[in-house]
Amino acid sequence: MKRTFLKTVAATAALAMTGGFTKLATASTIITGAGASLPFPIYSRWAEAYRAATGVRLNYQSIGSSAGIRQIRARTVAFGATDAPVAGAELERDGMVQFPAIIAGTVPMFNLEGFRPGEVRITGPILADMFMGRIVNWNDPRIAAVNPGRTFPNQAITVVHRADGSGTTFNFTEYLAAVSPEWASSVGRGATVRWPAASSIGGRGSEGLSAIVARTRGAIGYVEFSYARRNNIPHMQMQNAAGNFVQPDDRTFSAAAAGIDWFSVPGMGVSMVNAAGANAWPIATASFILMYRQPANVAESNAVLAFFDWAFRNGDAMAVELDFVPIPDTLADAIRTRVWNLIQRT
């Protein structure tokens, strides 16, 4: 532990001496950001380590992707965070840049007595029908068919979803639209949608949604994997595009990100939903950072870049520990040279 801390301090000191990509802020600096709840656990971990190393504080509000976009557009924070990437035309209109900061996975989670995490198998079409309210009971034959040897109770399904605008919802509904033509035509995808199941209940934030699932017998919901793990809520095993049932972890999230051409889409907003690959997790996603090209406060904008520069260099082990996938070094270098150089720094 002591050796790791000293290594972090040394790396930070080296950045300070060389100037790094940007000059480090003073210890009295407070960085403000707001948005997606998906990356909150890793941003909090990075913030603790960064403050220990530099004295610089990060004040990040986990308020949902839609609210984060509103905050950065209102210029009340130095950066916004969203799991639903902003379209290139909107970035151009607003004078902003966007880049991925972390890769994660969304998982279906459930509350069903007698089943442990990862023991229930599910396919995309079955999951879509559960959230549409077409499959209303856990002992439905379609669920039993993909779970041979398991007996499911005669228990009604309660669908739990995000009540606020959420990038996690965007990615989850994007996946359902990809695997279910009926979902695509009748519900669609978005940070908010009209949930069709009669049993649907909304919860605010990942915390609120997780809490409802945890106390509701027969519930099914969706959340970033680390939230399910931290709250001891069982997740499902999913069938991917290759037809294989896979468990969520940093390896299957990495498999979904393999071969992605991040600069093929303006703003780097590439979808990893239902990715090809034998081991790919089907609802993998990146969480993105939004910043202005011409910031109102150049010093704070520089401090944001210094924070993420440090995180890209020093935060990989912390990310993996929390079941996230860090940005590869080659991608981080490309972000520094092709995105951050568009931001005014003096």
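Structure: see above.
This text gives an overview of the structure that appears in the document. (Residues numbered from 1 in each chain as written. Predicted model: local features only at pLDDT ≥ 70, side-chain atom pairs only at ≥ 80, totals over all residues. Heavy atoms only, no water.)

The full count for this structure, using the stated rule, is 23 aromatic pairs. One aromatic cluster is present, formed by Phe40, Tyr43, Trp46, Tyr50, Tyr60, Phe79, Phe99, Phe307, Phe308, Trp310, Phe312 and Trp340 through successive ring pairs. Over the ring of Tyr292 we find Arg75, and its NZ or CZ is 3.7 Å from the ring centre. Above the face of the Phe263 ring, Arg338 is positioned so that its terminal group lies 3.8 Å from the ring centre. (Phe/Tyr/Trp six-rings, centres within 6.5 Å; stacked < 30°, edge-to-face > 60°. Lys NZ or Arg CZ within 6 Å of the ring centre and 35° of its normal.)

Right, let's get into unusual backbone geometry. With a phi close to 55°, Asn232 is a non-glycine residue in the positive phi region. Looking at the secondary structure, you find Asn232 in the loop between helix 10 (225-230) and strand 9 (237-239). For Asn232, a relative accessible area of 69% gives the class exposed. Although it is not a glycine, Met268 adopts a positive phi angle of roughly 65°. By the secondary structure assignment, Met268 is in the loop between helix 11 (250-257) and strand 11 (284-292). (Helix = DSSP H or I, 4+ residues; strand = E, 2+ residues; numbered from the N terminus. Buried < 20%, exposed > 50% of the residue type's maximum accessible area, 1.4 Å probe, protein only.)

Taking strand neighbours across the sheet as the criterion, the three strands line up as 5-9-10 in an open arrangement whose pairing is mixed. Both edges of this open sheet fall to strand 5 (121-122) and strand 10 (245-246), since each of them pairs with a single strand only. Looking at chain direction, strand 5 and strand 9 are connected through two bridges and run parallel. For Ile122, the partnering residue across the bridge sits in strand 9 and is Met238. (Pairing = 2+ DSSP bridges.)

This next bit is on the packing of helix 5 (residues 124-132) against helix 7 (residues 167-179). Remark: helix 5 packs on helix 7, axes separated minimally by 9 Å, with the N-to-C direction vectors making an angle of 115°. Both helix 5 and helix 7 take part in a crossing whose hand is left-handed. Note on element contacts: helix 7 touches helix 5 through Phe172, Tyr175, Leu176 and Val179, opposite Gly124, Pro125, Leu127, Ala128 and Phe131. In terms of residue class, the contact of helix 5 with helix 7 is built from eight nonpolar, one polar and no charged. (Axes fitted to C-alpha atoms, helices over the stretch in contact; angles between N-to-C directions. Left-handed = near helix turned anticlockwise from the far one by under 90°. Contact = heavy atoms within 4.5 Å. Nonpolar A, V, L, I, M, F, W, Y, C, P; charged D, E, K, R; others polar.)

Another aspect to go through is the environment of Ile30. The topology assignment puts Ile30 in strand 1 (residues 30-35). Of the residues examined, Ile30 reaches a relative accessible area of 40% and is grouped as partly exposed. Through-space distance from the C-alpha of Ile30 to that of Gly55 is 9.3 Å; in sequence the pair is 25 residues apart. In this view, Ile30 contacts Arg57, Asn59 and Glu300; residues no more than four positions away in its chain are not counted.

At a minimum axis separation of 11 Å, helix 2 (residues 40-54) and helix 12 (residues 298-314) run at an interaxial angle of 100°. Put simply, helix 2 runs roughly perpendicular to helix 12. Two secondary-structure elements touch here, helix 2 through Tyr43, Trp46, Ala47, Ala49 and Tyr50 and helix 12 through Ala306, Phe307, Phe308, Trp310 and Ala311. When its residues are assigned to classes, the contact of helix 2 with helix 12 shows ten nonpolar, no polar and no charged. (Parallel < 35°, antiparallel > 145°, perpendicular 65-115°, else oblique.)

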